[in-house]
Amino acid sequence: MGHPLQQTTTAGNNRGEEIEQFDVIIIGAGVTGLYSLYRLRELGLSVQTFEGGGGVGGTWYWNRYPGARFDSESYTYGYSFSKELLQEWDWKELYSGQPENERYLNYVADKFDLRQHIRFNSRVVSAVFDEDEHVWQIHLQDGHQAQAQFFITAVGSLSAYYVPDFEGIDSFQGAWCHTGRWPAEGMDLAGKRVGVIGTGATGVQLITEIAKEVGHLTVFQRTANYCAPLRNRLIDDNMQRQIKASYPEIFKRCNETAGSFMHQFDTRSAMSVSPEERLEQYERLWSEPGFKKWLSNFYDVMMPGEANEDYAEFVRNKIRERVKDPVVAEKLVPKDHLFGSKRLPCESGYYEVFNQANVLLVDVRESPIERITPKGVQTTAAEYDLDVLIFATGYDAVTGSLNRIDIQGEGGQTLRDKFANGPRTYMGISSPGFPNLFTINAASVGNFVRACEPLVDWVSEAICYVREHGFTRISATPEAEVAWTQHVSEAGAKILRTQANSWFVGANIPGKARFLLTSPDTAPVMRAKRAEVAAKGYEGFELS
Ligand code: NA7
C-alpha cells in the first residue's frame, strides 16, 4: 500500500518485464534522504527510496564504532519540521551517541510511516537519463529496475569509506575493518593487540573509547589534530523542559550562523583586546561544552593571521599540559596546519590515553607505513604485531559516493567524467547535461540537519514548480555552471577550510583533484541565493 496520495504505475522494459514508475527516486535513507522522502510524499508525489544498508540512518547506521557521537548539540541536530516530533523526543545527552541517533532516525521513519517507500539492501549501480521520455532509468545490483522523472542523490557527503591501498592488506591474519563499516555484532577487542590508523575526528572518538578495553593499542598517526574537550553530560528534566519550550529560538539562532550551529562569533578581534582579556575568554570558552571554543570565539580566530596563530598556540599548550611524556606530547601537537582549517574533533579524554602504559603512538610521517604483513603493520622503522587493525582513514568525500554509481546524462556523458576535476554544478545541486537530477549530497556542510531541511524544501518546491507549469525537465544552464564553479574556486581560496589537506578539498585521497567540494558561502547566504533563484522563476536553470 502506498501513501493515499501516491499513484505508482508500471511500464514494460524491452525484455517484457514490468518496471515500476515513480515521480521521484531517492538514493539514501540517511538524514537528508529521509526528510526528502517525507517532504515529497507530503506534496503528493510518488516516491521510492533505495538504500544500500539494511536500515535507515545513513551515517548513523554505518558508523557503529565505539565512541561515535554528535559534535553538534543533540537538540540542534533533530528535524524541525514536526512540532509533535520535537515534543515527543527526549535527547538524553548534550552530545548524543550513535545508538541513540540511530534510534531517533528509526523513530522518525516509523512515526511518519516512511518504511513502506524504502527498499533496503538495495544498491543502485547505474542511473541513465532517457532523453526521449525525460525520465531516469535506475538499475540495482540485484537486477531490479525502476524509473522516475526526478532523481535525488541523498548519498551522503562522507559515505564512500576510504581504505588506503596498502600492499599486503589481504595477507593480514587478524581481523580488520573500516570505522564506516563497523560490524553490527561489534568487534572483539577486549585484551587484544589493536592498531588504529588515522587520527581524524573518527579516530579521536574511537581511540578514546577502545583504550578502555584493549590489551595494547598502537595508534598510527600521520597528522596531529587540534582537538578540544567535548564536555558531554546528561540532559536533566529541567533542561529537557527548557529545550522543548525554546525550539523556535534554538532553530532561529542556528539559522543565523555560518554553519547552522547555535554558536555565534564574538564580533571583536582577538588582537583588539588586552592579552589578559584574550586569555580570559579563551579559558572561559575552553571550559564550556562543544564547538563554543571554536565558533563563539573572537571572529578573527577563524581567519588566517595573528589571531588564528595566537589561539592555535593556546590549544597546543592545552595538549602539552595533558600528556606526561614531552616527546609524545610534541608528536600530538599540530604544527603543520591552521587551527580551524579542519572540523575540530571534540574529545573526552583523548590525550590522557597516551599516558597509559599500554598505548603506543607511532608517527607515520616520520616512519611511513610500508605494508600490511600477516602479523600487523610494517613501517620503515619497525613491524608492529596486531590481532586487530582498524582503519579510521576517512572518506572519498562528496564525489566519491556519486562515483560509485554509473550516472549517465544526455549524450551518454557520465557524472564521474564530468566531475573528474571537481564538481561542476550550479549551487552544488544541478549540473547541465543531467536534467532532473539533484545532487543534494554535494550541497550541505556544518550542522547537517539544519542545512539539509531548507535545501530539501527548495528542491521539493522546484520539482513541484516544474510539474505545475507543464514542464518535464529542469537543468542548470552551462553559463550558471561556469559562473558557480568559478565562484567556488575564487571564494573558496579565501576561506580557512581550503587551507589544510583535508577531505574538504579532496586532498586526503591520492590522485583526487584538489577542489572545494562544498559551497564556500555561509548557510544564510546560500538560503538567500536559492530563494532569489526561485523568486526569479528559477534563474540559471532551463525549464522545458
Ligand atoms: P578524516 O578527517 O579524513 O581523517 C582520516 C585520518 O586517516 C587522518 O588522520 C589521516 O591522516 C589518516 N590517513 C588517511 N590515509 C592515511 C594513510 N595512507 N596513512 C596514514 N594515515 C592515513 O576522516 P574522519 O573519519 O576522521 O572524519 C571525517 C569527518 O567526520 C570529520 O571531518 C567530521 O566532520 C566527522 P592525514 O590527516 O590525512 O595525514
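My aim in this report is to walk through the structure given alongside it, one point at a time. (Residues numbered from 1 in each chain as written. Predicted model: local features only at pLDDT ≥ 70, side-chain atom pairs only at ≥ 80, totals over all residues. Heavy atoms only, no water.)

**Digging into the overall build of the protein chain**
When its secondary structure is counted, the protein chain shows 18 helices and 21 strands. Over its C-alpha trace the protein chain gives a radius of gyration of 24 Å, about what one expects of a compact globule, namely 24 Å for 544 residues. In terms of overall dimensions, the protein chain has C-alpha extents of about 70 × 55 × 45 Å along its principal axes. The buried share of the protein chain, taken over its 544 residues, is 58%. For the protein chain, the proportion of contacts with a sequence separation of at least 24, taken over those separated by at least 6, is 70%. Accessible area of the protein chain: about 22,200 Å², with a carbon and sulfur share of 49%. (Helix = DSSP H or I, 4+ residues; strand = E, 2+ residues; numbered from the N terminus. Rg over C-alpha atoms; globule rule 2.2 N^0.38 Å. Buried < 20%, exposed > 50% of the residue type's maximum accessible area, 1.4 Å probe, protein only. Contact = heavy atoms within 4.5 Å. Areas by Shrake-Rupley, 256 points an atom, 1.4 Å probe, with all protein chains shown as cover.)

**Observations regarding the state of the cysteines**
Applying the stated criterion across every chain yields a total of zero disulfides. Summary of cysteine pairing: Cys346 is not part of a disulfide, and the nearest cysteine sulfur, belonging to Cys227, is at 8.6 Å. By relative accessible area, Cys346 is classed as buried at 9%. Distance from the sulfur of Cys452, which forms no disulfide, to the nearest cysteine sulfur (Cys254) is 13 Å. The buried category is assigned to Cys452, whose relative accessible area is 0%. (Disulfide = S-S within 2.5 Å.)

**Remarks on the nonpolar core**
One finds Tyr75, Tyr79 and Phe541 to be the most contacted residues of the largest nonpolar core, which totals 91 residues. No other element matches helix H16 (residues 448-468), which puts 10 residues into this core. The next biggest cluster of nonpolar side chains, apart from the first, holds 32 residues, and it includes Tyr65, Ala68, Ile319 and Val353. (Core = buried A, V, L, I, M, F, W, Y, C linked by side-chain atoms within 4.5 Å.)

**A word on helix H7 (residues 237-245)**
Looking at H7, one finds that the buried residues are Met239, Gln240, Ile243 and Lys244. Taken around the axis of H7, the buried residues stretch over an arc of 135 degrees, which confines them to a single face. Facing away from the buried side of H7 by over 90 degrees, the exposed positions are Arg241 and Ala245. Packing partners of the buried residues in H7 comprise helix H3 (74-77), helix H4 (83-88) and helix H8 (247-255). (Arc of directions from axis to C-beta.)

**With respect to the packing of helix H9 (residues 275-286) against helix H11 (residues 306-322)**
Where H9 meets H11, the closest approach of the two axes is 12 Å, and the angle between their N-to-C directions is 55 degrees. When the interaxial angle is binned, H9 and H11 end up oblique. For the crossing formed where H9 meets H11, the hand is right-handed. Two secondary-structure elements touch here, H9 through Arg278, Leu279, Tyr282, Glu283 and Trp286 and H11 through Ala307, Asp310, Tyr311, Phe314, Val315 and Lys318. Of the residues contributing to the contact of H9 with H11, the split by class is seven nonpolar, no polar and four charged. (Axes fitted to C-alpha atoms, helices over the stretch in contact; angles between N-to-C directions. Parallel < 35°, antiparallel > 145°, perpendicular 65-115°, else oblique. Left-handed = near helix turned anticlockwise from the far one by under 90°. Nonpolar A, V, L, I, M, F, W, Y, C, P; charged D, E, K, R; others polar.)

**What about the sheet that holds strand E16 (residues 383-385)?**
Sheet architecture is open: three strands sit in the order E14-E15-E16, paired in antiparallel fashion. Two strands bound the open sheet, and with one partner strand each, they are strand E14 (369-372) and E16. Neighbour-to-neighbour, the strand axes of the sheet open up by a mean angle of 20 degrees, direction not taken into account. Sheet topology note: the strand E15 (residues 376-379)/E16 ladder contains three bridges and is antiparallel. Paired with Gly376 across the bridge in E16 is Asp385. (Pairing = 2+ DSSP bridges.)

**A closer look at the packing of aromatic side chains**
Taken as a whole and judged by the stated rule, the model has 39 aromatic pairs. Geometrically, the ring pair formed by Tyr282 and Phe314 is tilted, given 5.2 Å between the ring centres and 50 degrees between the ring planes. Taken together, the positions of Tyr282 in helix H9 and Phe314 in helix H11 put the pair 32 residues apart, joining distant regions of the chain. For the ring pair Tyr426 and Phe541, a centre distance of 5.3 Å and an interplane angle of 50 degrees mean the geometry is tilted. With Tyr426 in the loop between helix H15 (415-418) and strand E19 (437-438) and Phe541 in strand E21 (residues 541-543), this pair connects stretches of sequence that are 115 residues apart. According to the relative accessible area criterion, Tyr426 is buried, its value standing at 6%. Of the aromatic side chains, those joined through ring pairs into one cluster are Tyr35, Tyr38, Trp60, Phe70, Tyr77, Tyr79, Phe81, Trp89, Trp91, Tyr104, Tyr107 and Phe112. Positioned over the ring face of Trp89 is Lys92, at 6.0 Å from the centre of the ring. Lying across the ring of Phe504, Arg497 places its NZ or CZ 5.6 Å from the centre. (Phe/Tyr/Trp six-rings, centres within 6.5 Å; stacked < 30°, edge-to-face > 60°. Lys NZ or Arg CZ within 6 Å of the ring centre and 35° of its normal.)

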